[in-house]
Amino acid sequence: KCGATARAPPPRTRDFPPLMSASIILPLKGTKPAELSNALLSYYADVTKSRPPEAAAAAARTLDQVRERLSSIKALSDTTADAAATELLAYERQLAALARRLDNAGAALNVRFIWRDAFRPKQKVEKGDLDWERVCTLFNAAAALGYAASRAFRRGAQADAFKQLQRAAGCFAAAHDMVRPAIWGLDPRWEPASLSPDLGLEMLSALRDLMLAQAQHAFHQKAVDEGTSPSVRAKLAEQAALLFGAALRTLDSQELRDYVTEEGSLFKPADDSWLRRLRAAEARARAIAQEEAAAA
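The written sequence of each chain sets the order in which its residues are numbered from 1. Residues qualify for local features only when their pLDDT is at least 70, as the model is predicted, and side-chain atom pairs are given and counted only at 80 or more; totals for whole chains, interfaces and linings, by contrast, use all residues. Excluding hydrogens and water, the side-chain values take into account all heavy atoms of the structure.

Q: Run through the layout of surface pockets, naming residues and quoting values.
A: Two kinds of site are reported from a 1 Å grid over the protein atoms alone, namely cavities, where a 1.4 Å probe fits but cannot get out, and pockets, open sets with protein on both sides within 12 Å along at least five of seven lines, and residues are called lining when an atom falls within 4 Å of a point. Grid points are joined across faces, edges and corners, and a volume is the space filled by probe spheres set on the points. One number sums up the size of the largest pocket: a volume of about 480 Å³. As for the largest pocket, its lining consists of 16 residues, and the residues nearest its centre are Leu40, Tyr44, Ala56, Leu98 and Arg101. Contributions of two or more residues to the lining of the largest pocket are made by helix H1 (36-48), helix H2 (54-71) and helix H3 (81-101). For this classification, the nonpolar set comprises Ala, Val, Leu, Ile, Met, Phe, Trp, Tyr, Cys and Pro, the charged set comprises Asp, Glu, Lys and Arg, and every other residue, Gly included, is treated as polar. Among the residues forming the lining of the largest pocket, the class breakdown is 13 nonpolar, 2 polar and 1 charged. Helix and strand assignments follow DSSP, with helices taken as H or I runs no shorter than four residues and strands as E runs no shorter than two, numbered in order from the N terminus.

Q: Could you give an account of the packing of H2 against H3, naming the residues involved and the relevant values?
A: Throughout, an axis means a line fitted to C-alpha atoms (over the contacting stretch in the case of helices), and angles, computed between N-to-C directions, take values from 0 to 180 degrees. With their axes 11 Å apart at the nearest point, H2 and H3 run at an angle of 140° to one another. Relative to H3, the element H2 lies oblique. For H2 against H3, the interelement crossing comes out left-handed. When H2 is examined against H3, the residues Leu63, Val66, Arg67, Arg69 and Leu70 are found in contact with a partner set consisting of Ala84, Glu87, Leu88, Tyr91, Gln94 and Leu98. Orientation is classified from the angle alone, with under 35 degrees giving roughly parallel, over 145 giving roughly antiparallel, 65 to 115 giving roughly perpendicular, and any other angle giving oblique. Less than a right angle of anticlockwise turn of the near helix away from the far helix marks a crossing as left-handed, whereas a clockwise turn marks it as right-handed. Contacts are assigned to residue pairs with any non-hydrogen atoms lying within 4.5 Å of each other.

Q: Requested: an account of the packing of aromatic side chains, with residues and values cited.
A: Under the pairing criterion, centres of Phe, Tyr and Trp rings, with the six-membered ring standing for Trp, must be within 6.5 Å; the plane angle then separates stacked pairs below 30 degrees from edge-to-face pairs above 60, leaving the rest tilted. The final tally for this structure, using the stated rule, is 5 aromatic pairs. Measuring from centroid to centroid gives 5.5 Å for Phe139 and Phe172, while their planes differ by 80°, and the two rings are edge-to-face. One end of the pair, Phe139, is in helix H4 (residues 130-154); the other, Phe172, is in helix H5 (residues 158-183), with 33 residues separating them in the sequence. Each member of the pair, Phe139 together with Phe172, is buried. An angle of 45° between the planes, with centres 5.1 Å apart, marks the rings of Phe162 and Phe219 as tilted. Here Phe162, found in helix H5, pairs with Phe219, found in helix H6 (residues 201-225); they are 57 residues apart in sequence, far enough to count as distant. According to the relative accessible area criterion, Phe219 is partly exposed, its value standing at 35%. One aromatic cluster is present, formed by Phe119, Tyr259 and Trp274 through successive ring pairs. Our definition puts a charge over a ring when NZ of Lys or CZ of Arg is within 6 Å of the ring centre and also within 35 degrees of the ring normal. Lys127 extends its terminal NZ or CZ atom over the ring of Trp132, reaching a point 5.7 Å from the ring centre. Here the guanidinium or amino end of Arg180 rests over the ring plane of Trp184, the centre of that ring lying 4.1 Å away. Three exposure classes are used, based on accessible area relative to the maximum for each residue type with a 1.4 Å probe and protein chains only: buried under 20%, partly exposed in between, and exposed over 50%.

Q: How would you summarise the pattern of salt bridges if you had to cite specific residues and measurements?
A: Oppositely charged side chains may form a pair once their charged atoms are brought near each other. Here a salt bridge means any side-chain nitrogen of Lys or Arg lying within 4 Å of a carboxyl oxygen belonging to Asp or Glu. Within the structure shown, the criterion is met by 19 salt bridges. Here Arg61 ties to Glu54 by a salt bridge, and the two come within 2.7 Å at their closest N and O atoms. In this structure, Arg155 and Asp160 form a salt bridge, with 3.6 Å as the shortest nitrogen-oxygen distance. Residue Asp160 is classed as partly exposed on the basis of its relative accessible area, which comes to 35%. Three or more residues joined by partner-sharing salt bridges are found here, namely Glu92, Asp129, Asp131, Arg134 and Arg189.

Q: Tell me about the side chain of Asp64, and please be specific about residues and values.
A: For Asp64, the location among the structural elements is in helix H2. Neither His nor the chain ends contribute to the count of charged residues, in which Lys and Arg are positive and Asp and Glu negative. Despite its burial, Asp64 remains without a salt bridge, the nearest opposite charge being carried by Arg67 at 6.5 Å. Apart from the residues lying within four places of it in its own chain, the contact partners of Asp64 are Ala34, Glu35, Leu36 and Ser37.

Q: Describe the nonpolar core, naming the residues involved and giving the relevant values.
A: The biggest cluster of nonpolar side chains holds 85 residues, and the ones touching the most others in it are Leu36, Leu130, Trp132, Leu251 and Trp274. With 16 residues, the single largest contributor to this core is H4. Among residues more than four places away in sequence, those in contact with Leu251 are Met203, Ala206, Leu256, Arg257, Val260, Trp274, Leu275 and Leu278. In these notes, a set of buried Ala, Val, Leu, Ile, Met, Phe, Trp, Tyr and Cys residues joined through side-chain atoms within 4.5 Å is what counts as a nonpolar core.

Q: Which residues make up helix H9 (residues 273-295), and what values do they have?
A: Take the number of residues in a helix, subtract one, and multiply by 1.5 Å to get its expected span. Helix length check: H9, at 23 residues, gives a terminal C-alpha distance of 33 Å against a target of 33 Å (1.5 Å per residue), a fit within 8%. Those residues of H9 lying buried are Ser273, Trp274, Leu275, Leu278, Ala281, Glu282, Ala285, Ile288, Ala289 and Glu292.

Q: A description of empty space enclosed by the protein should follow, citing residues and the corresponding values.
A: For the structure shown, the criterion picks out 1 cavity of 30 Å³ or more. Taken as a whole, the largest cavity holds about 70 Å³ of empty space. Contributing to the lining of the largest cavity are Lys29, Thr31, Arg67, Leu70, Ser71, Leu88, Tyr91, Trp115, Glu133, Thr137 and Asn140. Of all the secondary structure elements, the ones that give two or more residues to the lining of the largest cavity are H2, H3 and H4. Grouping the amino acids of the lining of the largest cavity by side-chain chemistry returns 4 nonpolar, 4 polar and 3 charged.

Q: I'd like a rundown of H5, residues and numbers included.
A: In this model, H5 (26 residues) spans 38 Å end to end at C-alpha, consistent with the 38 Å of a helix rising 1.5 Å per residue. Gly185 occupies a position one or two residues after H5 and carries a positive phi of about 105°.

Q: Go over the confidence of the model for the protein chain, please, and point to the residues and values.
A: Every residue carries a pLDDT, the predictor's confidence in it, which falls somewhere between 0 and 100. Here the protein chain averages 88 in pLDDT, while 90% of its residues score no lower than 70. Within the model, the stretch residues 1-22 combines pLDDT values under 50 with 27 contacts to residues more than four positions away or in other chains. Here residues 264-270 is a poorly scored stretch, pLDDT under 50, and it has 7 contacts once near neighbours within four places are set aside; other chains count.

Structure representation (structure tokens):
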């Protein structure tokens, strides 16, 4: 209005290139069919000496259908990631409830669950208890949540991305907590050397840190959008850099570097782009932290 006192424009928020514009997406673990429903119904009949109620039989068949549907997902997309994450987590909860009602995590069912390594699909591991199925399902749920978070970040929904990445980290932490007691001790239930490398304790810890690092970055970007002070944003970015660094130290170690690098062939060089993206993410987060601190 004429005669009104001019106000100084608000300070401009620094725009940073988004770390998650090229998110570090995890591959899915593949699996083979498992006749879970028939095993459950046979077990019920053996234990109770009676025919299973129709409701129980229907529930067992539904469990098989869910597993078959989830195992048919070979790659994630913007249109499938959210639904896949939701159904994988629901399936894992059903397995957990079932395992609590059976001895030795369902080993008496005599079902062999065969799963491929996420990074080296030619490697397969099979085990005969529900905890193995749960651990592998949690891995895929984390991968789906990470993919969904990338989509949320791209559309500017940083709060949603943060929550999904936190849940993905929780999946890897839960898988780690299941694997550890199964391989430790004088008489481990699973031989440590029998695990596929993607489910080793160090690998699961590194993937948890990776998800937390991306979650921290999403939270930083949310703080940028909301105009939070540079000093607070600097701390958020520094924490993201530390978490990226923790994941990188493990994944770039002598034991795992070759494993996460895609094998080459006569006509194709080895592909270490996954590690290079992680190195770039750490460096960018650290640079953002330094710039934020300088502006504080």
